[in-house]
Structure formats: structure tokens, C-alpha cells
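Reading the structure
For reference, the chains in residue letters:
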Amino acid sequence: MSFWRFSVMELLAVAVSFSMAGYVTTDTFGEGANQFSVDFVSISGDASSANGTVISQPDYDPGDDGYKTFTDPGTEYRIGQYEISYDQWSKFINEDGTPYGTPTNAYGNDSDTTGSQPVNKISWLEAAQFVNYLNTSKGYQAAYNFTGDKGTDNYAISTWTQAEAAGGTNLYRHKDAHYFLPTEDEWVKAAYWNGSGLQTYATPDGTKPEISVDSNYDKPNVGALWLVDDGSIELNDTYNMMGNVFEWVESSFKGDYLADSKRALRGNAYQYPEVWLELTQRHNATIDIEDTTFGFRVASVPEPCSIMLFSLGGLLVRRKIAG
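Residues numbered from 1 in each chain as written. Predicted model: local features only at pLDDT ≥ 70, side-chain atom pairs only at ≥ 80, totals over all residues. Heavy atoms only, no water.

**A few points about the packing of helix α2 (residues 86-96) against helix α3 (residues 124-136)**
Note the cut-off: Simply put, an axis is a line fit to the C-alpha atoms, just over the touching stretch for a helix, and the angle between two N-to-C directions goes from 0 to 180 degrees. Put simply, DSSP marks the helices as runs of H or I at least four residues long and the strands as runs of E at least two long, and each gets a number from the N terminus on. Roughly parallel means an angle under 35 degrees; roughly antiparallel means over 145; roughly perpendicular covers 65 to 115; every other angle is labelled oblique. Two helices crossing with the near one rotated counterclockwise from the far one by less than a right angle form a left-handed crossing, whereas a clockwise rotation gives a right-handed crossing. Two residues qualify as a contact provided that any one of their heavy atoms is within 4.5 Å of a heavy atom in the partner residue.
With their axes 11 Å apart at the nearest point, α2 and α3 run at an angle of 70 degrees to one another. In this view, α2 runs roughly perpendicular relative to α3, as classed from their interaxial angle. For the element pair α2 and α3, the recorded crossing hand is left-handed. Note on element contacts: α3 touches α2 through E126, Q129, F130 and Y133, opposite Q88, W89, F92, E95 and D96.

**Details of the pattern of salt bridges**
What counts is decided by this rule: In what follows, salt bridge is the name for a side-chain nitrogen of Lys or Arg lying within 4 Å of a carboxyl oxygen of Asp or Glu. Summary of the burial criterion: residues with accessible area below 20% of their type's maximum are buried, those above 50% are exposed, and those between are partly exposed, where the area comes from a 1.4 Å probe applied to protein chains only.
Inspection of every chain in the model, using the stated rule, returns 13 salt bridges. Between K189 and D72 there is a salt bridge whose closest N-O contact spans 2.9 Å. Placement of K189 in helix α4 (residues 184-192) and of D72 in the loop between β3 (36-43) and β4 (77-80) is noted, with a sequence separation of 117 residues between them. In terms of burial, K189 and D72 fall into one category: buried. Across the pair D87 and K91 runs a salt bridge, and its minimum N-O distance is 3.4 Å. With D87 and K91 both in helix α2 and 4 residues apart, the pair spans about one turn of that helix. Linked through salt bridges whose partners overlap, the residues forming this network are D27, R78 and E303.

Next comes the structure, spelled out in C-alpha cells:
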């Protein structure tokens, strides 16, 4: 007679390995009345089989500035389940002061009385300073290299050295940063990777969103922002990666690492129903542009417990006991 026996940790590892797509962690920032939290979903798995997939408009050709293919980020990471809200942004300002940028400071949307719509009218520079606050407020290394004195004309974004750069190549992000804007590939994987390939749409079944079925993406004449947690859950347990606001990513549109290069934006915006929902749609703007359709979400390194559990899952060995 024989049977298979599993240890408690082995069973836990198996359970987690099957449920990491829905694994949500929450990080808290600020103090007192200005405390806010950010929910993250875990993004993992080998997506290298999708390397080379064209993720830019069909009319772009190799050599064009807008041409982009996918490369698997190669590491596990977390991405914000929701876009950053006006409430989170307001508490950040209360804690850290108004970020340097185009001096309109007209953040948010007048129709929002709860603070739960995505903050909009955000430049890349301002989004980067929010991310730096997430890091420094918890004792981590700032992700982005601002030089000079905050609030003065000599305050500017620079790049890191190769020794400081994430992976030794990403001169925009410091290697020791805990929070960051997702690269374009990280954003795309979180939105469209289904375990075997990149889907055209971020819906769980990969089909085009339907009016009144798949959130607000396809509603005609939406006309205004909706709440960050409103609508249908997406392929990898995110919300609104195909809509609400265009989202800044860390990467430059051309793939270079010049400090002032135009940055890419992904997703769609509330003013454009039925447009720019697909994998191949990408956009760009200069780093100081604030627009009513521009917002962002943040990303982070994985939680230590998830790394441990994934390792346990990979090392799972069944024990056969003879009797």
C-alpha cells in the first residue's frame, strides 16, 4: 500500500501558485488625515514567447518613431489595481507639497465629489514626483533623478548613471527604487498578457468591450471621468487599463533615455469611447504637458512573501511513503 503526502507549506505553495493572478496587496502611505493606500495586483509568468509582438499602430513600420515591439520584463512585479485617484493625489500634496510642473495645478475633475475619480491634468514630471514620494516616505530610494531645488527654475529631471540604473540599462529608474511608473512593456503585460500570448483587448475573454457589460469603455458620449473602481475587472484583475484616462508610463516614446524625451502613454480616455482600446494603441507627449485626459497608475517590486511562495511552488516535491 502506498500514498502521496504533502506538507502544509507545499500545499500552501500550490494554492498560491494557482491564485497569484488574483493576489492583491495593499501598501499604506502618509499620516493621520492624509493617510492613503494603494492596491497592487501581482504580475508574473514567462511572457518571452510574446517577444517581438508588435504593440504599436498597424500603420507604423520598423524604423518609424512610433514602432514598438514587446519584450517581456523578465521579473515579477506589482501594478496598481486602479489608477491613482484625486483623493490619493490630494493627500500626497498635503504631505509633500505641490509638485514642480506646469503651474496650472488644476488637478482633478469638478464633477467628482468623492475624490474617487482618477486624478487628471497630470504631467509626467508630476507623476514621477508622486512616485518618488511613495519611495522616500517609506525610506526607499527615489525612483527618478530630480536635480536642483524643488520649487525653483533649476529643478529638473535627469538620468541615472549606468551603475545606478535598474538592470544596468534603464537610466530612468534607480535600481533600488521600490515604487515606479511601469515601463511600457510592464504596462502592456499587465493589461494584455493571458499566459500564452498578448490579447487584442484587456477583457478577461479577449473580446471587444460591450456597452453596459464591460464597464464604461464602450459607452457613447461618456463625457466625464468615472470612479477608479467602477466597471468590470480586467484580464489580470486591474480596472480601467483601456479607459478613463490615458496613463503615463516610464518609457520614452522612441525607446531612448534622454531626460527630456517624450514619454509614452497607454490606454484610452473618457472622451474617446470605442477608440484606442486595443493592444496596438500608444500615444506620447512631452514630460511637462498637463491634459484633462492624462493620469497614471504606479507599479512596484513584488512583496517578499510572494517571492518566497513562488519559490516554494517551484520546488514542490511530492513525497511517496511506502507502507
